[in-house]
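Chain and residue survey
Chain residues, written in single-letter form:
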Amino acid sequence: MGIHHVTAIAGDPQQNLNFYTGVLGLRLVKLTVNFDDTGTYHLYYGDEMGRPGTILTFFTWPGSPKGRTGVGQPLAVSLAIPEVAVSYWVERLIRFGIAFKGPIAKLGNPVLEFTDPDGMNLELVGDSSVNSVPGWSGGPVPQESSIRGIFGVTLLESAVEPTGDILTGPLGYLGGKSEEALHRFRSAGKGTGMHVDVRSVGGFWSGAMGIGAIHHVAFRAKGGEDQLKLRAMLIEQGTPATQVLDRRYFHSVYFHEPGGVLFEIATDGPGFTVDEPLERLGTSLKLPPWLESENEAIQRRLPPIELPAGKPPKKP
């Protein structure tokens, strides 16, 4: 199965764009709005075409309170790089003045720990298994050193077992390495988005949503039939799940795992080329058909931003 995408909350959209495209070298694969809050951008980053397992997305809520990391919330997003690229990224983070820790060894991998401009915890994980995964050649980072996608996420939980039961049950993960309070679960597949780490912290305080917090973690379903089967399994074991929601680029079902983290099941398709060609991904503002009638009003509410190429977003 594996992770499809991870969604977090950012403050200033321009700051977010500059960091994830300019510093980390990800591609902006879709510029749209939060379908449930159309006065805010929803920014999608990934590899060349935004393949499942490479996607990191942000709701931008300027002026909102800062989030608080705590129990029932993802603690960090880990991004996979070739193991031989760790030294390149040490030099790159230093060049951009980004404070970091590492490389440190974590469950057998070299890891660089740092935060984005909003305080969200990030890790770059050296992983030789992604050497064969193609990197994006169109960004500021050399292709051989580029981020390949999501390595995994770390969840902060009061206990491992309830969350582990969901991961190893309906979501099909396997138990793996442990290191003190950190427990790793791994998908049986190959590629990016394979890992979920659970850090048990007992009676730690609860997390609070806000800028710099990770909103939810989405797991892959090949298509609608697989998604409905997973939804039925969750409901059968007593976990409430939403109806299927159309997110234009995939279809989604949401539920809270026992520890409180919001999980999503997202289909692999139809993908980001459904409304613009591969070579133009992320170069213009895109709205789903059901919001086209609100086009002008939505544009008036959105703050202006400069895209990575230095061009303002085109009107839908």
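Cut-offs applied
Throughout, residues of each chain are indexed from 1 in the direction in which the sequence is written. Where totals are concerned, whole chains, interfaces and linings use all residues; where local detail is concerned, this predicted model gives features only for residues with pLDDT of at least 70, and gives and counts side-chain atom pairs only at 80 or more. To get the side-chain values, all heavy atoms of the structure are used, and hydrogens and water are removed first. The way it works is that DSSP assigns letters per residue, a run of H or I at least four long becomes a helix, a run of E at least two long becomes a strand, and they are numbered from the N terminus. In this description the radius of gyration comes from C-alpha coordinates, and the expected globular size is given by 2.2 Å times residues to the power 0.38. Any two residues having at least one pair of non-hydrogen atoms within 4.5 Å are treated as being in contact. Computed with a 1.4 Å probe, the accessible areas rest on the Shrake-Rupley method; for each residue, only the protein chains presented here act as cover. By the counting rule applied here, Lys and Arg register as positive and Asp and Glu as negative, while His and the ends of each chain are not counted. Charged groups are reduced to one reference atom each: NZ for lysine, CZ for arginine, CG for aspartic acid, CD for glutamic acid. Only Phe, Tyr and Trp rings take part, Trp by its six-membered ring, and two of them pair if their centres are within 6.5 Å. Stacked means planes under 30 degrees apart, edge-to-face means over 60, and tilted covers everything else. The rule is simple: take the accessible area with a 1.4 Å probe, protein chains only, and divide by the maximum for that residue type; under 20% is buried, over 50% is exposed, in between is partly exposed. This arc is taken over the directions from the axis of the helix to the C-beta atoms. In this scheme, strands are said to pair when DSSP sees at least two bridges between them. The convention used is that axes are lines fitted to C-alpha atoms, helices contributing only their stretch in contact, and that angles between N-to-C directions extend from 0 to 180 degrees. Just to be clear on terms, a salt bridge is a Lys or Arg side-chain nitrogen sitting within 4 Å of an Asp or Glu carboxyl oxygen. Remark: nonpolar core denotes a set of buried residues (Ala, Val, Leu, Ile, Met, Phe, Trp, Tyr, Cys) joined through side-chain atoms within 4.5 Å. Helix span, as expected, comes to 1.5 Å for every residue beyond the first.

1. Topic: the overall build of the chain
Each helix and strand in the chain was counted, giving 5 helices and 16 strands. Rg of the C-alpha trace for the chain: 19 Å, near the compact-globule value of 20 Å for 316 residues, within the 12% margin. When contacts within the chain are restricted to residue pairs at least 6 apart in sequence, long-range pairs at least 24 apart make up 66% of them. Summed over all atoms, the accessible surface of the chain reaches about 13000 Å², with 54% contributed by carbon and sulfur. Here the chain holds 28 positive side-chain charges and 33 negative ones, and the gap between their average locations is 4 Å.

2. Quick word on the packing of aromatic side chains
In this description, an aromatic ring pair is defined by two values, namely the gap between the centres and the angle between the planes. All told, the structure shown has 15 aromatic pairs when counted by the stated rule. With a centroid separation of 4.7 Å and 40° between ring planes, the pair formed by Tyr20 and Phe58 is classed as tilted. With Tyr20 in helix H1 (residues 13-23) and Phe58 in strand E4 (residues 55-60), this pair connects stretches of sequence that are 38 residues apart. Judged by centre distance (6.0 Å) and plane angle (70°), the rings of Tyr45 and Phe58 are edge-to-face. Linking Tyr45 in strand E3 (residues 37-46) with Phe58 in strand E4, this pair joins segments that are 13 residues apart in sequence. Look at Tyr45 and you get buried, because its relative accessible area is 0%.

3. Describing helix H3 (residues 161-168)
Turning to H3, its buried residues number three or more, namely Thr163, Gly164, Ile166 and Leu167. Around the axis of H3, the buried residues are gathered within 160° of arc, so they sit on the same side. Across from the buried face of H3, at angles greater than 90 degrees, the exposed residues are Glu161 and Asp165.

4. Re the sheet that holds strand E14 (residues 245-246)
Read across the sheet, 8 strands follow the order E2-E3-E4-E1-E13-E16-E15-E14 without closing on themselves; strand pairing throughout is mixed. Looking along the sheet, the strands with just one partner apiece sit at the ends: strand E2 (27-34) and E14. Taken together, the 2 bridges between E14 and strand E15 (residues 251-256) define a ladder with antiparallel strand orientation. Note on E15: the bridge partner recorded for Asp246 is His251. Its contacts with the sheet place H1 against strand E1 (3-10), E2, E3 and E4, and it is angled at close to 5° to E3.

5. Examining the pattern of salt bridges
Side chains that carry opposite charge are capable of pairing whenever their charged atoms lie near each other. Per the counting criterion, the structure on display carries 9 salt bridges. Two residues, Asp275 and Lys30, come together in a salt bridge whose shortest N-O distance is 2.6 Å. Of this pair, Asp275 sits in the loop between strand E16 (262-267) and helix H5 (295-301) while Lys30 sits in strand E2; the two residues are 245 residues apart in sequence, bridging distant segments of the chain. What makes Asp275 buried here is its relative accessible area of 17%. The class for Lys30 is buried, based on a relative accessible area of 0%. Measuring nitrogen to oxygen at the nearest pair gives 3.1 Å for the salt bridge that ties Asp36 to Arg247.

6. Re the nonpolar core
Residues Tyr20, Leu24, Trp89 and Phe263 are the most contacted members of the largest nonpolar core, which totals 66 residues. Per element, the largest residue contribution to this core is 5 residues, and it comes from helix H2 (residues 86-95). What Tyr20 contacts, discounting residues up to four positions off in sequence, is Gly25, Leu26, Tyr45, Leu56, Phe58, Asp116, Met120 and Leu122. In terms of nonpolar packing, the next biggest core, distinct from the first, is built from 9 residues, Val29, Tyr44, Tyr249 and Phe250 among them.

7. Some words on the sheet that holds strand E5 (residues 73-81)
What holds strands together in a sheet is hydrogen bonding between their backbones, with the strands either parallel or antiparallel. One open sheet accounts for 8 strands, arranged E6-E7-E8-E5-E9-E12-E11-E10; its pairing is mixed. Edge positions in the open sheet fall to strand E6 (101-106) and strand E10 (174-179), since each of these has one partner strand only. Neighbour-to-neighbour, the strand axes of the sheet open up by a mean angle of 25°, direction not taken into account. Sheet analysis places strand E9 (residues 149-157) next to strand E12 (residues 195-200), joined by 6 bridges and oriented parallel. By the bridge assignment for E12, Thr154 is matched with Asp197.

8. Points about unusual backbone geometry
A cis geometry characterises the amide bond from Gly102 onward to Pro103, with omega recorded as 5°. Relative to the helices and strands, Pro103 is located in strand E6. Cis peptide bonds are those with omega within 30 degrees of zero, and the linkage from Gly269 to Pro270 qualifies with 10°. One can find Pro270 in the loop between E16 and H5. In this structure, Leu107 takes a positive phi of about 50° despite not being glycine. Residue position: Leu107 is located in the loop between E6 and strand E7 (109-115). A positive phi angle, near 55°, is found at Glu180, a position not held by glycine. Since its relative accessible area comes to 80%, Glu180 is described here as exposed.

9. Things to note about helix H4 (residues 224-236)
For H4, built from 13 residues, the straight-helix expectation of 18 Å at 1.5 Å per residue is met to within 8% by its first-to-last C-alpha distance of 18 Å. Lining the buried residues of H4 we find H3, strand E13 (214-221), E15 and E16.

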